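Single-letter residue listing:
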Amino acid sequence: MSEQPNSFKTGRREFLKTGGAITAALLTPGIALADGPHPLPAMPSNPVTLKAMPTRNLGKTGYKVGIFSLGGQAALEKPNNFDVAVPIVERALDLGVNYIDTSSIYGGPDRWSEQYVGKVMARRRSEAFIATKTKERTRDGSMQMIDKSLKLLQTDHVDLWQLHDVGTMYDVDQIFAKGGAMEALLEMQQQKVVRYLGFTGHYRPESLMECIKRHDFDTVLMAVNAADPHHFSFDKDLLPLAVEHQMGIIGMKIPGRGRILSSWTPQPLEQQKHMWEGMVPAPTPGTITMQQAMYYTLSRPVSTVIIGCDNIAQLEQNVQLARDFTPLTDKQQSELVAKAEPVAKPSLFFRFYDRP
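Note that the structure is predicted; figures quoted are calculated from it, not measured. (Residues numbered from 1 in each chain as written. Predicted model: local features only at pLDDT ≥ 70, side-chain atom pairs only at ≥ 80, totals over all residues. Heavy atoms only, no water.)

### A word on the nonpolar core
Logical step 1: With 102 residues, the main nonpolar core has Phe-68, Leu-70 and Phe-199 as its most contacted residues.
Logical step 2: Leave out the neighbours within four places in its chain, and Phe-199 touches Gln-162, Leu-163, Val-166, Leu-208, Cys-211, Ile-212, Phe-217, Thr-219, Val-220, Leu-221 and Met-247. (Core = buried A, V, L, I, M, F, W, Y, C linked by side-chain atoms within 4.5 Å. Buried < 20%, exposed > 50% of the residue type's maximum accessible area, 1.4 Å probe, protein only. Contact = heavy atoms within 4.5 Å.)

### Focus: the pairing of strand E6 (residues 158–163)
Logical step 1: Most of E6 sits inside the fold, with six of its six residues counted as buried.
Logical step 2: Sheet analysis places strand E5 (residues 129–134) next to E6, joined by four bridges and oriented parallel. Looking across to E6, one finds that Thr-134 is bridged to Leu-163.
Logical step 3: Between the parallel pair E5 and E6, the chain is carried across by helix H6 (residues 139–153), and the sense of this crossover is right-handed.
Logical step 4: Of the strand pairs in this sheet, E6 and strand E7 (residues 194–201) are connected by five bridges, and their pairing is parallel. Considered in E7, the bridge of Gln-162 is made with Gly-198. (Helix = DSSP H or I, 4+ residues; strand = E, 2+ residues; numbered from the N terminus. Pairing = 2+ DSSP bridges. Right-handed = clockwise from strand over helix to strand, strands pointing away.)

### Some details on the pattern of salt bridges
Logical step 1: This model, assessed by the stated rule, comprises 26 salt bridges.
Logical step 2: A salt bridge links Asp-140 to Arg-139; its shortest N-O distance comes to 3.1 Å.
Logical step 3: Its relative accessible area of 6% is what places Arg-139 among the buried residues.
Logical step 4: Linked through salt bridges whose partners overlap, the residues forming this network are Glu-90, Asp-94, Arg-123, Arg-124 and Glu-127. (Salt bridge = Lys/Arg side-chain N within 4 Å of Asp/Glu carboxyl O.)

### So, the packing of aromatic side chains
Logical step 1: Taken as a whole, this structure holds 13 aromatic pairs when the rule is applied.
Logical step 2: Taken together, a centroid distance of 5.9 Å and an interplanar angle of 80° make the contact between Phe-82 and Trp-112 edge-to-face. Linking Phe-82 in helix H4 (residues 82–94) with Trp-112 in helix H5 (residues 112–124), this pair joins segments that are 30 residues apart in sequence.
Logical step 3: Residue Trp-112 is classed as buried on the basis of its relative accessible area of 10%.
Logical step 4: Seen from their ring centres, Phe-199 and Phe-217 are 4.9 Å apart, and the 75° between their planes marks the pair as edge-to-face. (Phe/Tyr/Trp six-rings, centres within 6.5 Å; stacked < 30°, edge-to-face > 60°.)

### What to know about the packing of H5 against H6
Relative orientation and spacing of two packed helices are given, respectively, by the angle between their axes and the distance between those axes.
Logical step 1: Direction vectors running N to C along H5 and H6 enclose 50°, while the axes themselves pass 7 Å from each other. Of the possible angle classes, the one that applies to H5 and H6 is oblique. Residues Glu-114, Gln-115, Val-117, Gly-118 and Met-121 of H5 form the contact with H6, whose participating residues are Ser-149, Leu-152 and Leu-153.
Logical step 2: Partitioning the contact of H5 with H6 into residue classes produces four nonpolar, three polar and one charged. (Axes fitted to C-alpha atoms, helices over the stretch in contact; angles between N-to-C directions. Parallel < 35°, antiparallel > 145°, perpendicular 65-115°, else oblique. Nonpolar A, V, L, I, M, F, W, Y, C, P; charged D, E, K, R; others polar.)

Put into structure tokens, the structure is as follows:
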């Protein structure tokens, strides 16, 4: 792992330097940081954002987020990809992106995505709203996740900490049980190690709606694309509920790992069987363009969309699409939903696998 930045100050920033001792304290019920929580710094501010693209409120947080945000997958989840991934993060900030999404599971056990983002955050932390996640369902497991996230991201706080991939009521019950992950989220927010709390999901709407009922979360990261209305729709009930609760709504799975796009070339079916996306093989390309895919989701009541990029050219194209965005009419949205119907299942592959 790369070196830590040399600009760390005393106080809460010692959280990172004391490592195991602090982790042990956090994992012991009733023990807080010795000197108590310290004020969080000012909200991130990228000076380029307002000139680069439209912005929207990230729910009741009040943060003005650019409508295109950088996802932590694609190039950012590949191992030993520093030469490609780090310049993408740098260029995103240069172009005005002010929200970066990552997770403790992106890039496998080495958590490459957080590593790449951390390389840039060591120098440019104040320019980006950083969101990461815990897939752990217990308090102790999640405490270990945030401790490592802070080290890899080379920061002493994250702006948004999310419960990753809440798919079923089994997940919800684990998270909110005694000793569950929700305890870690609340403790870290109280300690001002994390600023806001959220959850994410792409499987079924009911479990995400239950999360909204159980806690006043700040954000929800949900799958929203033109294929969504055809199977287990998030748009029908979940999206209006999130709007009602004034949540920051982050749209993901915009191109469905490319499968909704007419420009996508399907891999051989035998190869797809060995891929996560291959749960629903895609025998043909998609039916809509990247512009149509992005503009459909941005025409829904979302705060921003996160999209992972394979290279800087893709990143620049997406920022340009965000800059040029004008909302689609209801008729235009309906036409795209109909156009996506023939490839709806492959584009929503993440809703078609067995879960407990």
